[in-house]
Amino acid sequence: MVVYSIEMKQNEFEQMARGLRPALLRTALKVLSDEDLAEDVAQDTLLKLWDMRDRLYKYQSVDTLAMIIARNKCLDIVRQRGRVINVSLDDFDATAPMLSPVDEMIDAEADDEADEILAQLPENQRFVLKMKHIDGLEVDEIAAVTGSTPNAIRVTLSRARKRVLEIFNQRK
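Fair warning: this is a prediction, and the values are worked out from it, not measured in the lab.

Caption draft 1: Local environment of the overall build of the protein chain. What the protein chain contains, in helices and strands, is seven helices and zero strands. Listing each helix as α and each strand as β along the protein chain from the N terminus yields α-α-α-α-α-α-α. Taken over 172 residues, the protein chain has a buried fraction of 34%. Looking at the protein chain as shown, the accessible area adds up to about 10500 Å², and 49% of this sits on carbon and sulfur atoms.

Laid out in structure tokens, this is it:
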């Protein structure tokens, strides 16, 4: 983990940006399947970080913050265009910044348990459940992203939630 000073200088930011840019491009390209849009997302993410440069020292991981910003920008593009995407949201590192070590450990254990449960779901149920409950998309937005109908998304969500409950109860 790199720690940045309170007053990040331009050369420090440029060095950080050179390290982040390839990962931002790969992630955006994987989601959007469009090199120009991926370039835009990477550039917009770095511009956002530049605007935040005086506050970056507050985050435990600027890399994670950058990935969250890029993910949100990708999802905004997907929503605007109503495009079908074929990517797992597991591809994004969305660890919340600024957690104490104890909170990080508790979150990691809970995340591991949730991941184990979600891994037992069919891929379409896991994908729809994550879009609804992690990314906060509405049923209509999920339908547009997946190329499905809102009714089919509701059914998939219902089945996924029921299966998660069954798996959770079996584990206890």
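Caption draft 2: Here's a closer look at unusual backbone geometry. Phi is positive for serine 33, which is not a glycine, with a value near 55 degrees. Within the secondary structure, serine 33 sits in the loop between α1 (10-32) and α2 (35-51).

Caption draft 3: Representation of the packing of helix α5 (residues 123-133) against helix α6 (residues 139-146) in the model. Where α5 meets α6, the closest approach of the two axes is 10 Å, and the angle between their N-to-C directions is 135 degrees. With respect to α6, the axis of α5 lies oblique. When the axes of α5 and α6 are compared, the crossing they make is right-handed. Residue-level contacts link Phe127, Val128, Met131 and Lys132 of α5 to Ile142, Val145 and Thr146 of α6. Split by residue class, the contact of α5 with α6 holds five nonpolar, one polar and one charged.

Caption draft 4: View of the side chain of threonine 156. In this fold, threonine 156 is placed in helix α7 (residues 150-171). When residues no more than four places from it in sequence are discounted, the contact partners of threonine 156 are Asn124, Gln125 and Val128.

Caption draft 5: How the structure looks around the packing of α1 against α2. One can describe the packing of α1 onto α2 by two numbers: an axis separation of 8 Å at closest approach and a directional angle of 145 degrees. Both α1 and α2 take part in a crossing whose hand is right-handed. Residue-level contacts link Gln10, Phe13, Met16, Ala17, Leu20, Arg21, Leu24, Leu25, Ala28, Leu29 and Leu32 of α1 to Glu35, Leu37, Ala38, Glu39, Val41, Ala42, Gln43, Thr45, Leu46, Leu49 and Trp50 of α2. Among the residues making up the contact of α1 with α2, the classes are represented as 16 nonpolar, three polar and three charged.

What counts and what doesn't
- Residues numbered from 1 in each chain as written.
- Predicted model: local features only at pLDDT ≥ 70, side-chain atom pairs only at ≥ 80, totals over all residues.
- Heavy atoms only, no water.
- Helix = DSSP H or I, 4+ residues; strand = E, 2+ residues; numbered from the N terminus.
- Buried < 20%, exposed > 50% of the residue type's maximum accessible area, 1.4 Å probe, protein only.
- Areas by Shrake-Rupley, 256 points an atom, 1.4 Å probe, with all protein chains shown as cover.
- Axes fitted to C-alpha atoms, helices over the stretch in contact; angles between N-to-C directions.
- Parallel < 35°, antiparallel > 145°, perpendicular 65-115°, else oblique.
- Left-handed = near helix turned anticlockwise from the far one by under 90°.
- Contact = heavy atoms within 4.5 Å.
- Nonpolar A, V, L, I, M, F, W, Y, C, P; charged D, E, K, R; others polar.

In short, shape yes, function no, at least from these values alone.
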